[in-house]
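Descriptive analysis of the structure
Listed here are the chains, written in short residue letters.
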Amino acid sequence: MASISPYLTFAGNCEEAFNFYRSVFGGDFPYVGRFKDMPSENPIPESEGDKIMHISLPISKETTLMGSDSSEAFGHATVMGNNFSISINADNEDEAKRLFDGLSAGGQVTMALNKTFWGALFGMFTDKFGINWMVNYDYEQKH
């Protein structure tokens, strides 16, 4: 069955926040991706390149804290109080599609469920109750 993780969005200080969380929880970041490292059809402003596109910090076997920066340069600014999502990591494509379609029904899809450059099936939406969700299925499963 799918696992669920909190996904936090920051207004440019994601790296600082996650270094703080690591100082409290311990552990290491298995992945830190910056906006300058991702393929993009639109040039990223130099001032935004070092901001965090994605970071994760395993808290326990079942829980991973994830996060990123956002800004108006990326299409949306962070709004405090609404700067978190629930991230679902599905076990297979069918489960990802079922969860995405079911939870997004009556809501607003912000990124359609599609294959990504990082090797996953991924999509985002706000459900009909105003809750932000992300659905992800990694094609190369790490056990």
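Just so it is clear, the structure is predicted and the values come from calculations on it, not from any experiment.

With respect to the sheet that holds strand β5 (residues 84-89)
Strand pairing in a sheet takes place through backbone hydrogen bonds and is either antiparallel or parallel in direction. Judged by pairing direction, the sheet is mixed, and its 8 strands sit side by side in the order β2-β3-β4-β1-β5-β8-β7-β6 without closing on themselves. Each end of this open sheet is capped by a strand with a single partner; those strands are β2 (31-34) and β6 (108-115). The average undirected angle you get between the axes of adjacent strands in this sheet is 20°. Relative to strand β8 (residues 132-138), β5 runs parallel, the two sharing 4 bridges. Residue pairing across strands places Ser87 opposite Met134, the latter belonging to β8. Together, β1 (3-10), β2, β3 (52-58) and β4 (64-69) form the strand contacts of helix α1 (residues 14-25), whose direction differs from that of β3 by roughly 5°.

Quick notes on the domain arrangement of the protein
As far as domains go, the protein holds domain 1 (7-69) and domain 2 (86-138). Here domain 1 and domain 2 have C-alpha centroids that lie 20 Å from each other.

Topic: α1
Turn by turn, an α-helix covers 3.6 residues, leaving residues three or four places apart pointing in a common direction. With 12 residues, α1 should cover 16 Å at 1.5 Å per step; its first-to-last C-alpha distance of 16 Å lies within 8% of that length. If you check which residues of α1 are buried, you get Cys14, Ala17 and Phe18. Angularly, the buried residues of α1 cover 95° about the axis, an arc narrow enough to put them on a single face. Opposite the packed face of α1, turned more than 90 degrees from it, sit the exposed residues Glu16, Phe20 and Ser23. Looking at the buried residues of α1, the elements they touch are β1, β3 and β4. Trailing α1 by a residue or two, Gly26 shows a phi angle of about 80°, which is positive.

Here's the deal with the side chain of Asp127
In this fold, Asp127 is placed in the loop between β7 (120-126) and β8. Buried and without a salt bridge, Asp127 has Lys128 as its closest oppositely charged side chain, separated by 8.6 Å. Reaching out from Asp127, the side chain makes a polar contact with the side chain of Trp133 at a distance of 2.9 Å. The residues contacting Asp127, other than those within four sequence positions of it, are Leu103, Gly107 and Trp133.

Criteria and cut-off values
- Residues numbered from 1 in each chain as written.
- Predicted model: local features only at pLDDT ≥ 70, side-chain atom pairs only at ≥ 80, totals over all residues.
- Heavy atoms only, no water.
- Pairing = 2+ DSSP bridges.
- Helix = DSSP H or I, 4+ residues; strand = E, 2+ residues; numbered from the N terminus.
- Axes fitted to C-alpha atoms, helices over the stretch in contact; angles between N-to-C directions.
- Contact = heavy atoms within 4.5 Å.
- Domains from an automatic or database assignment.
- Expected span 1.5 Å × (residues − 1).
- Buried < 20%, exposed > 50% of the residue type's maximum accessible area, 1.4 Å probe, protein only.
- Arc of directions from axis to C-beta.
- Lys, Arg positive; Asp, Glu negative; His and termini not counted.
- Salt bridge = Lys/Arg side-chain N within 4 Å of Asp/Glu carboxyl O.
- Polar contact = N/O pair within 3.5 Å; in protein donor to acceptor, adjacent residues only side chain to side chain.

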